[in-house]
Amino acid sequence: MSHMVRIHRITAAGKGAEMAEGNGLSVTLDAQVYDLWAVHQAAYRLSDRLAIQVAIEGSTIQCTLYPVTEGTNSDSLLVARADFLREVTDQMLRARIREVTEPVRNLILAYTFSRSGLQK
Amino acid sequence: MLTLNGKALAWGGSAERTLWKLTSNPALPVVLREKMAFLQRGNGPLPQGFGAYILPPEQQGIPPCAHWLHLPPDFAYLAEGDIISVNAGRIRTLWRQNSPHNAVLLTERCDNNCVMCSQPPKNIEDHWLVAEAMDLVRMIPPSAPVLGFTGGEPALLGQRLIDLLALTRARLPTTAVHLLSNGRGFADPAFSDAYAAIQHPDLMVGIPLYAADPAQHDYIVQARGAFDQTVRGILALKERGQRVEVRVVLHRQTIEGLPALAQFIARNLQFIDQVALMGLEVTGFARANLDQVWIDPADYRPTLENAVALLRDYQVPVRIYNHPLCLLGEMAAQYSVKSISDWKNEYVAECAACTRRQDCGGFFSSGARYRYSPSLRPFL
Amino acid sequence: MTRFLPAEDYLPSGRYELLPFRFERLDDERVLLSNMAGEALTVSSADLTTLVNGDLDRSGALFSRLRANHFLRQPEDRAALELLALKLRTRYARLRDFTSLHLFVVTLRCDHACRYCQVSRQSADRASFDMSRETADRAIDLLFRSPNQALKVEFQGGEPLLNFDLIRYVVLSITERNRQHKRDIQFVITTTLSLISDDTLAFCREHRIFLSASLDGPEDLHNANRPRPGADSHARFVAGLEKARDVLGPEAVSALMTTTAASLQRGPGIVDEYLRLGFHGIFLRHLSPYGFALKTQSYQGYDTARWLEFYEETLTYIIDLNRSGVRFTEQHAAIILRKMFSCHDPGYVDLMNPSGAGIAAIVFNYDGGVFASDESRMLMEMGDDTFRLGSVHEHGYDEIFSAPALLSALEDSFTLSAPMCADCACEPWCGADPVYHHARHGDPLGRKAESGFCQRMKGMTRIFVKAMEDPFVAALFRRWALSC
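As annotated in an unreviewed UniProt entry, chain C is His-Xaa-Ser system radical SAM maturase HxsB from Insolitispirillum peregrinum. Its UniProt record gives chain C a comment under Cofactor (unreviewed entry), which states: "[4Fe-4S] cluster".

The name given to chain B in an unreviewed UniProt entry is His-Xaa-Ser system radical SAM maturase HxsC, and the organism recorded there is Insolitispirillum peregrinum. Chain B has a UniProt comment under Cofactor (unreviewed entry) that states "[4Fe-4S] cluster".

Caption draft 1: Focus on the overall build of chain B. Counting its secondary structure elements, chain B contains 13 helices and 18 strands. By the compact-globule yardstick of 21 Å for 380 residues, chain B fits well, its C-alpha radius of gyration being 22 Å. Dimensions of chain B along its principal axes, counting C-alpha atoms only, are 65 × 55 × 35 Å. Pairs at least 24 residues apart make up 70% of the contacts formed inside chain B by residues separated by at least 6 positions.

Caption draft 2: Local environment of the overall build of chain C. Within chain C one finds 19 helices and 16 strands. For 484 residues, the compact-globule estimate of 2.2 N^0.38 gives 23 Å, and chain C sits close to it at 24 Å. Here the C-alpha coordinates of chain C stretch approximately 85 × 50 × 45 Å along the principal axes. Looking at chain C as a whole, 50% of its 484 residues qualify as buried. Counting only contacts in chain C whose residues sit at least 6 apart along the sequence, the fraction spanning at least 24 positions is 70%.

Caption draft 3: Representation of the pairing of strand E4 (residues 40–44) of chain C within the structure. Residues and elements named next belong to chain C. Strand direction decides the pairing type here: strand E3 (residues 30–35) and E4, joined by five bridges, are antiparallel. From the neighbouring strand, arginine 30 faces E4, where its bridge partner is serine 44. Remark: four residues form the turn of the hairpin made by E3 and E4, two consecutive strands paired antiparallel; glycine 38 in that turn has positive phi of roughly 85°.

Caption draft 4: Region of the structure containing helix H8 (residues 258–268) of chain B. Counting buried residues along H8 of chain B, nine of its 11 residues qualify, which places the element largely inside the surrounding structure. Of all the residues in H8 of chain B, the buried ones are Leu258, Leu261, Ala262, Gln263, Phe264, Ile265, Ala266, Arg267 and Asn268 of chain B.

Caption draft 5: Summary view of the domain arrangement of chain C. All names here are of chain C. When the domains of chain C are assigned, the result is domain 1 (7–92) and domain 2 (97–401). On a C-alpha basis, the centroid separation for the pair domain 1 and domain 2 is 41 Å. Contact residues are listed per partner, giving six residues for domain 1 and five residues for domain 2. Broken down by element, the residue count for the side of domain 1 that touches domain 2 peaks at three residues, all from helix H3 (residues 78–92). Taken together, the residues that form the side of domain 1 that touches domain 2 break down as two nonpolar, two polar and two charged.

Caption draft 6: A look at unusual backbone geometry. Glycine 151 of chain B connects to glycine 152 of chain B through a cis peptide bond whose omega is 15°. Here glycine 152 of chain B is to be found in the loop between strand E10 (146–150) and helix H3 (159–171). Following glycine 157 of chain C, the chain continues to glycine 158 of chain C via a peptide bond in cis, the omega torsion being 10°. With respect to the secondary-structure elements, glycine 158 of chain C resides in the loop between strand E7 (150–156) and helix H6 (164–181).

Caption draft 7: Seen up close, the nonpolar core. Core analysis: the biggest nonpolar cluster contains 238 residues, and Ile54 and Val248 of chain B together with Phe104 and Leu337 of chain C have the highest contact counts within it. When near neighbours in sequence (up to four residues on either side) are disregarded, valine 248 of chain B contacts Pro208, Leu209, Tyr210, Thr254, Leu261, Val275, Leu277 and Met278 of chain B. Ranked by size, the runner-up nonpolar core spans 15 residues in total, among them Ala43, Ala51, Val68 and Val88 of chain A.

Caption draft 8: Quick peek at the sheet that holds strand E2 (residues 50–57) of chain A. Residue and element names in this part refer to chain A. As summarised here, the arrangement of the three strands in space is E1-E3-E2, forming an open sheet in which the pairing is antiparallel. Here the strands that pair on one side only, and so sit at the sheet edges, are strand E1 (25–30) and E2. Neighbour to neighbour, the strand axes of the sheet diverge by 20° on average, direction disregarded. Inspection of the sheet shows E1 paired to strand E3 (residues 60–67) by six bridges, in the antiparallel sense. The residue bridging leucine 29 from the neighbouring strand is isoleucine 61, located in E3. Along the sheet face, helix H3 (residues 36–45) touches E1, E2 and E3 and points at about 165° away from the line of E2.

Caption draft 9: Structural view of the sheet that holds E4 of chain C. Residue and element names in this part refer to chain C. Strand order in this open sheet of three strands is E2-E3-E4, and the pairing throughout is antiparallel. Strand pairing shows two members of the sheet lacking a second neighbour, strand E2 (21–25) and E4, which therefore form its edges. The sheet shows a mean angle of 30° between the axes of neighbouring strands, taken without regard to direction.

Caption draft 10: Quick peek at the confidence of the model for chain C. Of all residues in chain C, 96% have pLDDT values of 70 or greater, and the mean over the chain is 90. Both scores are available for the predicted complex, with the pTM at 0.90 and the ipTM at 0.91.

Caption draft 11: Layout of the interface of chain A and chain C. Opposite the 23 residues of chain A that make contact, chain C presents 23 residues. Of all the secondary-structure elements, those providing two or more residues to the side of chain A that touches chain C are helix H1 (2–11), H3 and helix H4 (74–114) of chain A. Looking at which element gives the most residues to the side of chain A that touches chain C, the answer is H4 of chain A, with 12 residues. Grouping the constituent residues of the side of chain A that touches chain C by class yields 12 nonpolar, five polar and six charged.

Cut-offs used in this document
- Residues numbered from 1 in each chain as written.
- Chains lettered and ligands numbered in written order.
- Predicted model: local features only at pLDDT ≥ 70, side-chain atom pairs only at ≥ 80, totals over all residues.
- UniProt positions renumbered as here; feature names shortened; annotations may be inferred.
- Helix = DSSP H or I, 4+ residues; strand = E, 2+ residues; numbered from the N terminus.
- Rg over C-alpha atoms; globule rule 2.2 N^0.38 Å.
- Contact = placed C-beta atoms within 7 Å.
- Buried ≥ 20, exposed ≤ 12 C-beta atoms within 10 Å, placed from the backbone.
- Pairing = 2+ DSSP bridges.
- Domains from an automatic or database assignment.
- Nonpolar A, V, L, I, M, F, W, Y, C, P; charged D, E, K, R; others polar.
- Core = buried A, V, L, I, M, F, W, Y, C linked by C-beta atoms within 7 Å.
- Axes fitted to C-alpha atoms, helices over the stretch in contact; angles between N-to-C directions.
- pLDDT = per-residue confidence, 0-100.

Structure follows, in structure tokens:
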């Protein structure tokens, strides 16, 4: 049961951030290049390892990464930062795919549920 | 190889095209004789009252009728119940009563122009072919087990094809009908509606699909957009509950893409009734483009084996036609069918001692003549 | 020859259009793509970027592969859309059938005291823990309300054979009523085989009842996992198995294994035991976070990463068995692979979307409580009645199947709209498990980044994709997938 309790403590965003104050790692992203949505998605994907605080400051997106697991050293936090950046990039790519394929997806779904007959 | 088209050595009577059903029965009741052609075997007296007389070259004397011809020796196979078309001394065999491989040519026009086409299309006005086929269907005995319609592209006939199939259904209600088509015409819902509305109880359409990649299929059939139409045609037919066979001719341009094609069929067209994998017929364009299309079957044995395994795993019924047995892998051999039309089948010297000729898919006679695998190994 | 145009002339021109697909990185180099129909391809990381940027070379093999497999299309490719729609329709066709699997928990009593067991009771008190005929009658009423033509009735426990009289009653009564309904009904008893008797087997034979048994591995491991008086669980299993095969035939008994911490080092040995006992496959199952598994800490005995290690090692062993000519299937893989290789859902309740809970399966507990899944009633034994849909004694069919507990769990866990699932390449092969996520995370959706369920599915998928780089394995997996 202790496992479950720990998870709850960590993902309570504000509290987690407060606790970790001082040992976070910051990442600054250009808001014209990066999408806030993609940053959030990436943060969610890494939420087993990182609690990420996101703030808009002027034309930048300020992200502060806090380790979730106890005993995280600065090296592994740097690795986590690289993973986060890669994940943001992937999320941008995902958003792009979703955006350009949205019309055709709707067309396919319309076909799917409008006709019948062939599936076994 | 049987000769199906030829010229009479001599002929007399009307130059109009007429279909004749042959009989060698001199005792046929007189009332039935007028519509039949008497097939004379050897030199002898001729019975009276037949509509026409098909005679051996040695037959003496003028027949007791205006319509007659002297048959060239390569038509000697003609027999009781066969149907021929005679047109100013030109003879075409349309129906052989004892053959399971009767295929009726409906048009020579085609909207594909396949690089290995065995029957190169001609852009000519040939509506008379389908009219003749209608006449033929009325003459074929209803007991006929099977009948094929081929082209060219029969779907180009539009309503005339529908009419022919409806007539066939009415006249030959228990005859299995196999139609060859590139399927593109069926992408038109109105046409496939009309086709399905015939409600033929035993009709299957064989449609070639040569690659999973539209560009490669379009190249092989030399028609841009053909893949898309063909696939939509297949879907339209299956949506309407029609039976469809997908046909793949195995040659240099299809082998590389065969694994992908098998996968495509399994994932997308699993509901088709059969996949026919067919050996190459070295005639027509295949002969002209031999270097581009020829591949030794021994070289694609593993590829074919894998494709067959995949289709088998997906429970897509698969058959291999027109393919020498000794060039198939162990598993593919189980799906081999002896199928080449009897009039096109031949064996080569290497096969003389083979003990499994009876089971062999065999050769097109064209292959025996122009190109066949150096890897043939007779079963001893 | 001038009549024929070269292949290059048939390559498409103009912009290509992406079709909906999702991706997941396999490693630094390679990316797994899956399209709407669950068809997968592996490409390089650089190719993915080129693809999305619209710069893919039209004459290349990759373009051809992506076009043929419906990851992209030329604007004029109409068939691609029709085919994708058709495949999607096939994937969701199962939904029309509604509930197929009906579980009858005929008793909670058991002669075993397994460490990880969720529910059983070591009690002689029949009255408290056995299903009554009255309860069974009501459950049977509900069973015949299912619109599904094919029904599966599974007897669960405890050890169901301890209440065999009721099994007999239910089978006879369903068979009798089915003379009118004419459904296709299959019966299964989930049993340890320890109490199997000639009478039981004769009845099973008469009514074509299958037996689903448990075998955790070699004798010492099995007996350690499954204590019973006399410490003879394994011996009884083997004796029962042979006896059952004598009467019911070689394939009438299937077996299921559960991985405990003690199993982790012994994958190949477990497989060998299945092989030795004449099984043609094994279902490598992880522990669920329910019941005594949690209480006794056996669920904490290993984490998902460790289980995946065990799984990969054991799967590799099984693959090598096949390589040496022995046909042997890993059935857990087969179920997931079936979704990767086809659009025909294997109907495995734990991996369906919408969740199979309540839709594909329904559980009638010994006391008449109705649950959305076997796990739901295990949760109940832990004091959480979230997925109790009602009671056969108090509620009718409509009330039970429109219970808010069921509907909201289904809706909230629907993977096509769930965060992380919606853009996960494994989604087409995965499923929603609201009961698991409720148990672990307190809500039916859960947090996927932390979800053991999600890690396990993704991990297994990676193992499969990696293994299938070997053509032998690809063909083997295809066979497993399509014959399961």
